[in-house]
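Commentary on secondary and tertiary structure
Single-letter residue listing:
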Amino acid sequence: MRECFEVRDTDVGGRIGELTVPRADVTVETPALLPVINPNLDTIAPRRLATEFGAEILITNSYIIHGTDDVREQALEDGLHDLLDFPGAIMTDSGSFQLSEYGEIDVTTEEILEFQHAIGSDIATPVDIPTPPDVSRERAEDELATTQERLELADEIDTGEMLVSAPVQGSTYPDLREAAGRHADGTDLDVFPVGAVVPLMNDYRYDDMIDAVAAAKRGLGADAPVHLFGAGHPMMFALAAAMGCDLFDSAAYALYARDDRYLTVRGTRHLEDLDYLPCSCPVCTAHSPADLRALPDDEREEALAAHNLHVTFEEIRRIKQAIRAGNLLELVEQRARAHPTMLDGYRTLLDHAAQLERADPVSKGAFFYTSHESARRPEVLRHHQRLGRLSVPDSLFLTEGSSARGDEFDDSWRVEPPFGPFPRALSKSYPLTAETPDRTDRAALEAAADGVTRLVESNPETDITLGHKGWPAGVLETLPEEVALVDLTADRT
Ligand SMILES: [Zn+2]
């Protein structure tokens, strides 16, 4: 067990956890947002982040502090908490981002870790190599080897109570990401950023982002707190949280504000295109779009940054509540409708249903079937796996209708798309209590047919008859030949 992190509640891959940060003497509840603070330029003062927005943790860049003479001296003298005037936990980045942007930096891992310790950072970061997407495998392997050497070095340095992060690299090679996760998990380091995903998110490649996180998670232990490095747009937080990300940092709130961009959970809007403000935060209740446009540049930037932060923190709270209520995937389904690339991200998440199923709670509040993607949720997969283990009689009627015909058989089970067949005794247990639309779609029928197939294949000795309500021929053709079919809709005429 990692002493610094405890998982309290889970839903799909998402979890509510407690990250204990001993040097700051605070416990941060996750999923958590770390606003990014530029030590030379704060759009929203850190003290205000804590008091007005409830920020428990923030992130700033130790490399920038190190490279700015007066700020460095003040940080060394007074400490980072005094310098920024922030009462919560402070994480520091190391300059890896600058390394990826400019190709070189002038500090070593030892130097920057010692510096982060000296200025009072609570969570430090070594200088890893953020390998971009789509590079050659050889380059990804070479750079990963360097990152791993630096993590081992960081592991050996005595950093006292300061937590140290272990970035997981590997570019767009899932096996390298998984190996990197396993290696990082094997160190005594504390927090695990999935690194170099910013280029993926900048290009709306949420599918590749999910694959990278899923691979890293396979290597990391379930008790590892995972940070999605550079993920600042609230639109994709629910998706990333469902895949198991616990920490998000946002520079977007300030960067977007600088360009008059207004964040929403359905995407970004430009201030000049807004006739109404679809938000009830203090900024949006006190101003109209025209009011905001009329403000002087610095005031407008600050107002937009405050709105952007309110929306972002609100989404984090919404995600926590969804995890607690067991309906995080319903939230992800809503967010997936914000942009086609978000839908790609969600569909990719469902490709990892088997991986997610292992952590998903067996029982939750309700399963809402709200899109054909719902047919691929981990709960459906789990039910199909369970069908292989249920005991069955010699002859069995599976029916979407009443059990009236059951007299001719030893037993009669219900059939509900997307789950397929189940004994009537399970009708009141999750997820078979699902709310589904009356107008069933093809994906739900196909998933139900897969369930029937699973049951037939696990019980070759049983005579199975399926009573269905007009399933299309294409779906019925997927069933094993030995299943006898009764069309219940034809029966009535
Ligand atoms: Zn607002």
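Residues numbered from 1 in each chain as written. Predicted model: local features only at pLDDT ≥ 70, side-chain atom pairs only at ≥ 80, totals over all residues. Heavy atoms only, no water.

Observations regarding the overall build of the chain
Operational definition: Secondary structure elements follow DSSP: runs of H or I of four or more residues count as helices, runs of E of two or more count as strands, with numbering from the N terminus. Here the term buried applies to any residue with accessible area under 20% of the maximum for its type, exposed to any over 50%, and partly exposed to those in between, with areas from a 1.4 Å probe on protein chains only. Here a residue-residue contact requires only that any non-hydrogen atoms of the pair lie within 4.5 Å. The Shrake-Rupley method, run with a 1.4 Å probe, gives the accessible areas here. Residue values count only the displayed protein chains as cover.
Scanning the chain from N- to C-terminus turns up 22 helices and 18 strands. Structurally, the chain occupies a C-alpha span of about 90 × 55 × 40 Å along its principal axes. Here the chain holds 493 residues, and the buried ones make up 57% of them. Pairs at least 24 apart in sequence give 67% of the contacts found in the chain among residues at least 6 apart. As displayed, the chain offers around 20,900 Å² of accessible surface, 45% of which is attributable to carbon and sulfur atoms.

Quick notes on a negative patch on the surface
Our working rule: Patches were defined on residues exceeding 30% relative accessible area and lacking a salt bridge, with like-charge contacts within 9 Å and nonpolar side-chain contacts (Val, Leu, Ile, Met, Phe, Trp, Tyr) within 5 Å. Here a salt bridge means any side-chain nitrogen of Lys or Arg lying within 4 Å of a carboxyl oxygen belonging to Asp or Glu. When charges are tallied, Lys and Arg are placed among the positive residues and Asp and Glu among the negative ones, while His and the ends of the chain are skipped. Charged side chains are reduced to one point each, which is NZ for Lys, CZ for Arg, CG for Asp and CD for Glu.
Side chains of Glu104, Asp106, Glu110, Glu111 and Glu114 sit close together on the surface and give a patch of like negative charge. Turning to its location among the elements, Glu110 is positioned in helix 6 (residues 109-118).

Describing the environment of Gly13
Residue position: Gly13 is located in the loop between strand 1 (5-11) and strand 2 (14-21). When its relative accessible area of 12% is taken as the criterion, Gly13 is described as buried. Put simply, Gly13 and Ala222 are 209 residues apart on the chain and 9.7 Å apart in space, counted from C-alpha to C-alpha. With sequence-adjacent residues up to four places away left out, Gly13 is seen in contact with Ala241, Ala242, Met243, Gly244 and Leu356.

Some points on the sheet that holds strand 17 (residues 463-468)
Put simply, the rule reads: Only strands joined by at least two bridges in the DSSP assignment are considered to pair. Helix axes are fitted only over the stretch in contact, all axes being lines through C-alpha atoms; the angle between N-to-C directions runs from 0 to 180 degrees.
Spatial strand order, 16-15-14-17-18: 5 strands in an open sheet with mixed pairing. Looking at the sheet topology across the chains shown, the edges are occupied by strand 16 (420-422) and strand 18 (484-487). The mean angle between the axes of side-by-side strands here comes to 25 degrees, regardless of whether they run parallel or antiparallel. One ladder, built from 3 bridges, connects strand 15 (residues 411-416) with strand 16; its direction is antiparallel. Among the inter-strand pairings, Val415 is bridged to a residue of strand 16, identified as Pro421.

Quick word on the coordination of the zinc ion
Put simply, the test is: Only nitrogen, oxygen and sulfur atoms count as donors, using a 2.8 Å cut-off from the metal that widens to 3.2 Å for Na, K and Ca. Water is left out, so coordination shells may look unfilled. Between 85 and 135 degrees for all angles marks four donors as tetrahedral; over 155 degrees for opposite donors together with 65 to 115 for all other angles marks four donors as square planar and six as octahedral; every other arrangement is irregular.
The coordination sphere of the zinc ion contains the protein donors Cys279 (SG), Cys281 (SG), Cys284 (SG) and His307 (ND1), at a distance range of 2.1 to 2.3 Å. If you look at the zinc ion, its 4 donor atoms make angles of 98 to 120 degrees with each other, and the shape they trace is tetrahedral. In terms of primary sequence, the donors binding the zinc ion are separated according to C-x1-C-x2-C-x22-H. On the criterion of sequence distance, the pair formed by Cys284 in helix 13 (residues 282-286) and His307 in helix 15 (residues 297-325) is long-range, its members being 23 residues apart. You'll find Cys284 and His307 in the same group, each marked buried.

A short note on the pairing of strand 14 (residues 395-399)
The buried fraction of strand 14 is high, at 5 of 5 residues. Residues of strand 14 alternate between two faces, with Ser395, Phe397 and Thr399 on one and Leu396 and Leu398 on the opposite face, all of them buried. As judged from the 4 bridges shared by strand 14 and strand 15, these two strands associate in the parallel manner. Bridge pairing in strand 15 links Leu396 to Asp411.

Focus: the pattern of salt bridges
The full count for this structure, using the stated rule, is 36 salt bridges. Arg261 is the partner of Asp259 in a salt bridge, and the nearest nitrogen-oxygen pair spans 3.2 Å. Look at Asp259 and you get partly exposed, because its relative accessible area is 42%. What makes Arg261 partly exposed here is its relative accessible area of 28%. A salt bridge links Arg318 to Glu315; the shortest N-O distance between them is 2.5 Å. In this pair, Arg318 and Glu315 both sit in helix 15, 3 residues apart, roughly one turn of the helix. You can call Arg318 partly exposed: its relative accessible area is 32%. One network of salt bridges, in which partners are shared, links Asp11, Glu330, Asp360, Lys364, Arg377 and Glu379.

Observations concerning the side chain of Asp249
Inclusion rule: Side-chain atoms alone can form a polar contact between residues adjacent in sequence; in general such a contact is a pair of N or O atoms within 3.5 Å, and within protein one must be able to donate a hydrogen while the other accepts it.
In this fold, Asp249 is placed in strand 11 (residues 247-250). Put simply, Asp249 is tucked away with no salt bridge, and the nearest opposite charge, on Arg177, sits 13 Å away. A distance of 3.0 Å separates a polar atom in the side chain of Asp249 from the backbone nitrogen of Gly230. Residues within four places of Asp249 in sequence aside, it is in contact with Leu33, Leu34, Val36, Ile59, His227, Leu228, Phe229, Gly230, Ala231 and Gly232.

Focus on the nonpolar core
Nonpolar side chains in soluble globular proteins generally cluster together in the buried interior. Selection criterion: Residues enter a nonpolar core if they are buried and are Ala, Val, Leu, Ile, Met, Phe, Trp, Tyr or Cys, with the set joined through side-chain atoms within 4.5 Å.
Core analysis: the biggest nonpolar cluster contains 107 residues, and Met209, Leu228, Met236 and Phe248 have the highest contact counts within it. Per-element accounting of this core gives the leading share, 11 residues, to helix 15. Setting aside its immediate chain neighbours within four residues, Met236 contacts Met201, Tyr206, Met209, Leu228, Ala231 and Met342. The next biggest cluster of nonpolar side chains, apart from the first, holds 18 residues, and it includes Val415, Ala449, Trp471 and Leu476.

Quick look at unusual backbone geometry
Between Pro417 and Pro418 the backbone carries a cis peptide bond, its omega angle lying at 5 degrees. In this structure, Pro431 follows Tyr430 across a cis peptide bond, with omega equal to 5 degrees. Along the chain, the position of Pro431 falls in the loop between strand 16 and helix 20 (442-458). The phi dihedral of Asp260 falls on the positive side, at around 60 degrees, and the residue is not glycine. Looking at the element boundaries, Asp260 is found in the loop between helix 12 (252-258) and strand 12 (261-264). Here Asp260 falls in the buried class, since its relative accessible area comes to 19%.

Some remarks on the packing of helix 10 (residues 206-219) against helix 17 (residues 340-351)
Selection rule: Each angle is binned into one of four classes, with values under 35 degrees roughly parallel, values over 145 roughly antiparallel, values of 65 to 115 roughly perpendicular, and all other values oblique. Rotating anticlockwise by less than a right angle from the far helix to the near helix defines a left-handed crossing, while the corresponding clockwise rotation defines a right-handed one. Gly is put with the polar residues, along with every residue not named as nonpolar or charged; the nonpolar set is Ala, Val, Leu, Ile, Met, Phe, Trp, Tyr, Cys and Pro, and the charged set is Asp, Glu, Lys and Arg.
The contact between helix 10 and helix 17 brings their axes to 7 Å, and the two run at 30 degrees. Here helix 17 runs roughly parallel to helix 10, going by the angle between their axes. In the crossing of helix 10 with helix 17, the sense of the turn from one axis to the other is right-handed. Residues Tyr206, Asp207, Ile210 and Asp211 of helix 10 form the contact with helix 17, whose own contacting residues are Thr341, Met342, Asp344, Gly345, Thr348 and Leu349. Of the residues that constitute the contact of helix 10 with helix 17, the class distribution is 4 nonpolar, 3 polar and 3 charged.

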